[in-house]
Amino acid sequence: MSPSDWTNRLARLGRWVQAPAPGQTGRWGHRWNRDVVAGQAALAVLIGVITTVAWALGGGGAFWPRWVWFGLAAVLSAEYLGLRVLAVPGGPRRWLALTRATVVLVAAIEVAAWLLSGGGIFWPAYSLTGWLIVLGVLTVVLRRRASGREKQLTERVATLAHTRQVALDGQAAELKRVERDLHDGAQARMVSLALTLGLAEDLLAHDPRAAARLLGEARTTAVGALDDLRSVMHSIHPAVLSDRGLVGAVRALALDLALPVTVTGEFPPDLAAPVESALYFAVAECLTNAVRHAGASAIEVTFQPDPRIVVADDGTGGADPTRGSGLPGIIGRLATVDARLDISSPPGGPTLMTITLPTDPQRG
């Protein structure tokens, strides 16, 4: 039988011993585990008692059943320690727990064997010294690995906490902006529309021409209110993004800019909606900065399958992510989807803004 077969059998045995009983839990696993070990302990005691009785009926003499008790105790101790090791989460901690359990078991067996064999020179000291050296070295190595992993997890938790706060702040700001836009735009137009229609209703009987003129104004106001609503909806999630995807939406956005914009490349088509939306608005902000502040004559947007997006312009450069609210807003929005923005903008230009996603971005 190959080593892999033994490994598979031991793994199945561990899962079988740890199989849960419905609704029953215990101290270090499941109550069913404890019942199994208790049954095996009772069987071991029965075997030990039978051998002891057989020794007594055989006339006594040297108490040879001690070796039977010794073997049964060693087996039960090994099983108990093995279950304790299986209860430890996988990884360095489990290996450290396994090494400690092995040292304890070997030390107990050797010391017990030394005592049962009559004492004398304490020969277990040699093997115990070696085991303790191995345990010490392994402890140092695994703790260093664990500390490095814990540092990574701590940094990841801090990053997630920061991006969560950024997302909450951004969401609150977006809600306030939407409320303001609706209040100052569509709502004001709808109030004006209602007043105009009321006046037209009053004039309809005795001055039809004035009523018709007011109805024309009401239609213009209604069209303006619809435009305001479309603008608000576009700022939340552009319809073109759902219809054409990220690359198509950026191409449509480029058509409305005052500068010539070249859009090339392709991108993963199955991004999750929040990721796609964050990337779209980040690219839109990069284009807006290039048009308003860079003094550029041309812009190029390149989609790369890495996945990365590069927005390049031939402007004057000097973009600083620590000034203003545009670039910090992009960085915060991208951080919520684990993306990042790298800026290369020396004085005199050109400016390269690279948006990089994780190697396995969220899929839709």
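Everything in this summary refers to the structure shown in the same document. What you see is a predicted model; the values in this text were computed from it and never measured.

1. Describing the side chain of Thr99
Moving on, step 1. Relative to the elements of secondary structure, Thr99 occurs in helix H4 (residues 92-116).
Moving on, step 2. Note on Thr99: relative accessible area 10%, which makes it buried.
Moving on, step 3. If sequence neighbours within four positions are ignored, Thr99 has contacts with Leu135 and Leu138.

2. Some words on a nonpolar patch on the surface
Moving on, step 1. Judged by side-chain polarity, Val45, Val49, Val53, Leu57, Phe63 and Trp69 come together as a nonpolar surface patch covering roughly 530 Å² of accessible area.
Moving on, step 2. Here the element with the most residues in the nonpolar patch is helix H2 (residues 31-57); it accounts for four residues.
Moving on, step 3. Turning to its location among the elements, Val45 is positioned in helix H2.
Moving on, step 4. By relative accessible area, Val45 is classed as partly exposed at 43%.

3. A few points about the sheet that holds strand E4 (residues 340-344)
Moving on, step 1. Read across the sheet, five strands follow the order E1-E2-E3-E5-E4 without closing on themselves; strand pairing throughout is mixed. With partners counted over all chains shown, the strands left at the sheet margins are strand E1 (261-265) and E4, one partner each. In this sheet, neighbouring strand axes are inclined to one another by 15 degrees on average, regardless of whether the strands run parallel or antiparallel.
Moving on, step 2. By the bridge criterion, five bridges tie E4 to strand E5 (residues 351-356) in an arrangement that is antiparallel. Its bridge partner being in E5, Ser344 is matched across the sheet by Leu352.
Moving on, step 3. Across the sheet, helix H7 (residues 239-255) lies against E1, strand E2 (299-304) and strand E3 (308-313), angled at about 170 degrees from E1, the strand it touches most.
Moving on, step 4. Contacts from helix H8 (residues 273-292) reach E1, E2, E3 and E5 within the one sheet, and its direction differs from that of E3 by about 10 degrees.

4. Here we look at the packing of helix H3 (residues 65-86) against H4
Moving on, step 1. Direction vectors running N to C along H3 and H4 enclose 170 degrees, while the axes themselves pass 9 Å from each other. Our classification of the angle between H3 and H4 gives roughly antiparallel. In contact with Arg66, Trp67, Phe70, Ala74, Ser77, Ala78, Leu81, Val85 and Leu86 of H3, H4 contributes Arg94, Ala97, Leu98, Ala101, Leu105, Ile109, Ala112, Ala113 and Leu116.
Moving on, step 2. Within the contact of H3 with H4, the residues separate by chemical class into 15 nonpolar, one polar and two charged.

5. Some points on the pairing of E2
Moving on, step 1. Sheet analysis places E1 next to E2, joined by five bridges and oriented parallel. Paired with Thr262 across the strands is Glu300, a residue of E2.
Moving on, step 2. Each parallel crossover has a hand, and for E1 linked through H8 to E2 it is left-handed.
Moving on, step 3. Direction of pairing for E2 relative to E3: antiparallel, over a ladder of six bridges. Each bridged residue has a counterpart across the sheet, and for Ile299 the counterpart in E3 is Asp313.

Conventions adopted
Residues numbered from 1 in each chain as written. Predicted model: local features only at pLDDT ≥ 70, side-chain atom pairs only at ≥ 80, totals over all residues. Heavy atoms only, no water. Helix = DSSP H or I, 4+ residues; strand = E, 2+ residues; numbered from the N terminus. Buried < 20%, exposed > 50% of the residue type's maximum accessible area, 1.4 Å probe, protein only. Contact = heavy atoms within 4.5 Å. Patch = residues over 30% accessible without salt bridge, like charges linked within 9 Å, V, L, I, M, F, W, Y side chains within 5 Å. Areas by Shrake-Rupley, 256 points an atom, 1.4 Å probe, with all protein chains shown as cover. Salt bridge = Lys/Arg side-chain N within 4 Å of Asp/Glu carboxyl O. Pairing = 2+ DSSP bridges. Axes fitted to C-alpha atoms, helices over the stretch in contact; angles between N-to-C directions. Parallel < 35°, antiparallel > 145°, perpendicular 65-115°, else oblique. Nonpolar A, V, L, I, M, F, W, Y, C, P; charged D, E, K, R; others polar. Right-handed = clockwise from strand over helix to strand, strands pointing away.

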